[in-house]
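Descriptive structure summary
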Amino acid sequence: MSEPTRDPALRVDPAVSQPLARLMARYCSAIDNGELELWPACFAEDGVYRILTRADFQAGRDFGIWYCGNRRMMADRVSAIRSVNVYEPHVYRHVIGPTEIVAGQDGVLDCETSYQLVRTGYEGDMTLFSVGRYVDRVVCRDGAALFASRTVVTDSCRYDTLVALPI
Amino acid sequence: MSEPTRDPALRVDPAVSQPLARLMARYCSAIDNGELELWPACFAEDGVYRILTRADFQAGRDFGIWYCGNRRMMADRVSAIRSVNVYEPHVYRHVIGPTEIVAGQDGVLDCETSYQLVRTGYEGDMTLFSVGRYVDRVVCRDGAALFASRTVVTDSCRYDTLVALPI
Amino acid sequence: MSEPTRDPALRVDPAVSQPLARLMARYCSAIDNGELELWPACFAEDGVYRILTRADFQAGRDFGIWYCGNRRMMADRVSAIRSVNVYEPHVYRHVIGPTEIVAGQDGVLDCETSYQLVRTGYEGDMTLFSVGRYVDRVVCRDGAALFASRTVVTDSCRYDTLVALPI
């Protein structure tokens, strides 16, 4: 049996929950609406972004399909994506569930959010591209929230397809 | 590089965010739960509803697959749907992401919300029918929110299938 | 024409909406993240859980694919699932829409929430497993929310596949 990891009595101040909700939305819209350059700005300067499979995550691995250790590495990725893809080959659409705060104090929150990601190809074909959850550490300061780390944990344990964009 | 279109410091009054959240939910449940007659009531009297593909939207087109210029046109559509479809051929199920407020003042908000729409046929077959985003102008007055306009922007650039119900 | 079932002017106290939102999230994460033992704890001691098809629900049937009349029956189900499935055959991922409160007073709320459920198999294949809505009665007491009943109403009217886990 798993340890209960969620505190049902946890209260969240609106001064924190509003910026948190905006961050969750902005992250997705940056990727989905062609504003990829705004994606690194969702992270703290030394923020970490990684994509792990469920098996990687359970085994405690730190590196997976993608790893960016700071905002600069993310910006480099974005430049690479922009230079390779002259034509937009496909677009992403995220839908996310509610954010569950697992732990938090002093403006640092650990939280999780489920996602489903649909990819639409040039010909209009839609496919479920990835589902899973975000395991995040978020820093809230002066009314703004940024990811100290975002770990994408995919439900699937394989990747047959190229992950061209951040999930 | 795109212009940043979201203001991270934007504050939203609960007096506005609550009616806004209810409107987003009611719109979907009216369509999904067989209460289509309630759909026009989500709009202002002269509210505009349109469905555009991503390509239409980026090209600045105003007309696409569907266009209703006021509540009466929407009610006419509903009547037509009801008279044609004696048997319910399929049902829709929306799941939407968080609403991102892009701009707002004096009770008029511009906001965007991602959606995924699954269609279930009579035989129980489920298909991803449409994904994309709602680009909305919402009027909040006296504790109630209504769409001044809702533009459905589909990620797909084609329509092979009939759009029988509003998205 | 359907009766309007949603009161647009309904106000919800944050003292109620916060625990409600946490319950909705916790229910999904318990199932999706391998913490199935936490699932019965989302219900009141004599809480009811059932899965009905849309046709069952419209016909006013009380019993469908699954029925648990109290927390103990749910715990038995979980034990059975754990003992049968030595290897995790597949995992679920819920994404839910906003919760729409239909009626409520004295700490008892009737509410509905749309869901989409994706199942990922051992080989990484993702399938839309079920879509529909939760029709819930929630009891809020002392800052915590529990299901007095949760009725899963599936959009599909058939079940070709085994429902191994709660939806």
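Note: the structure precedes this text.
Attention here is on the structure that accompanies the text. Bear in mind that the values here come from a model prediction, so they are computed numbers and not experimental data. Here the residue numbering is sequential within each chain, running from 1 through the sequence in written order. Labels follow written order: the first chain is A, the first ligand is 1, and so on. Owing to the predicted nature of the model, reporting of local features is limited to residues with pLDDT of at least 70; listing and counting of side-chain atom pairs is limited to 80 or more, with chain, interface and lining totals taken over all residues. Values reported for side chains reflect all heavy atoms of the structure, with hydrogen atoms and water molecules removed beforehand.

Bringing the environment of Glu37 of chain A into the picture now. Residues and elements named next belong to chain A. For Glu37, the position within the fold is in the loop between helix 1 (14-32) and strand 1 (43-53). Glu37 sits 88 residues away from Asp125 along the chain, and the two C-alpha atoms are 26 Å apart. Within the local environment of Glu37, its side chain forms a polar contact with the side chain of Arg82, the two groups lying 2.8 Å apart. Secondary structure elements follow DSSP: runs of H or I of four or more residues count as helices, runs of E of two or more count as strands, with numbering from the N terminus. Think of a polar contact as two N or O atoms within 3.5 Å of one another; within protein, one of them needs to be a possible hydrogen donor and the other a possible acceptor, and neighboring residues in sequence only count if both atoms come from side chains.

The next thing to look at is the sheet that holds strand 5 (residues 126-141) of chain B. Residues and elements named next belong to chain B. Judged by pairing direction, the sheet is mixed, and its six strands sit side by side in the order 2-1-6-5-4-3 without closing on themselves. Of all strands in the sheet, those with a lone pairing partner are strand 2 (66-68) and strand 3 (90-105), marking the two edges. Taken pair by pair, the neighbouring strands of this sheet meet at an average axis angle of 20°, ignoring direction. Pairing analysis gives seven bridges linking strand 1 (residues 43-53) to strand 6 (residues 144-154), with the strands arranged parallel. Bridge assignment links Ile51 to a residue of strand 6, and that residue is Val152. The sheet strands contacting helix 3 (residues 71-84) are strand 1, strand 2 and strand 6, and the helix crosses strand 1 at an angle near 65°. What makes two strands pair is DSSP finding at least two bridges between them. Only the stretch in contact is used when fitting a helix axis, every axis being a line fitted to C-alpha atoms; angles between N-to-C directions are given from 0 to 180 degrees. Throughout, a contact is declared for two residues whenever any of their heavy atoms are within 4.5 Å.

Right, let's get into the packing of aromatic side chains. Each aromatic pair joins two rings of Phe, Tyr and Trp (for Trp, the six-membered one) with centres within 6.5 Å, and gets the label stacked for planes under 30 degrees apart, edge-to-face for over 60, and tilted for any other angle. Summed over the entire model, instances satisfying the criterion amount to 36 aromatic pairs over all chains. Ring plane angle 85° and centroid distance 5.9 Å describe the contact between Phe43 of chain B and Tyr49 of chain B, whose orientation is recorded as edge-to-face. Burial classification: accessible surface area is computed with a 1.4 Å probe over protein chains only, and a residue below 20% of its type maximum counts as buried, one above 50% as exposed, and the rest as partly exposed. Using a relative accessible area of 0% as the deciding quantity, one classes Phe43 of chain B as buried. Residue class for Tyr49 of chain B comes out buried when judged on its relative accessible area of 0%. Ring centres of Trp39 of chain C and Tyr49 of chain C lie 5.1 Å apart, and the angle between their planes is 90°; on these two criteria the pair is classed as edge-to-face. Here the residue Trp39 of chain C occupies a position in the loop between helix 1 (14-32) and strand 1 (43-53), and Tyr49 of chain C occupies one in strand 1, the gap between them amounting to 10 residues. Relative accessible area serves as the criterion here: at 0%, Trp39 of chain C is assigned to the buried category. We note Arg150 of chain B situated over the ring of Tyr134 of chain B; from NZ or CZ to the ring centre the distance is 3.6 Å. Over a ring means this: the NZ of a Lys or the CZ of an Arg is within 6 Å of the ring centre and within 35 degrees of the ring normal.

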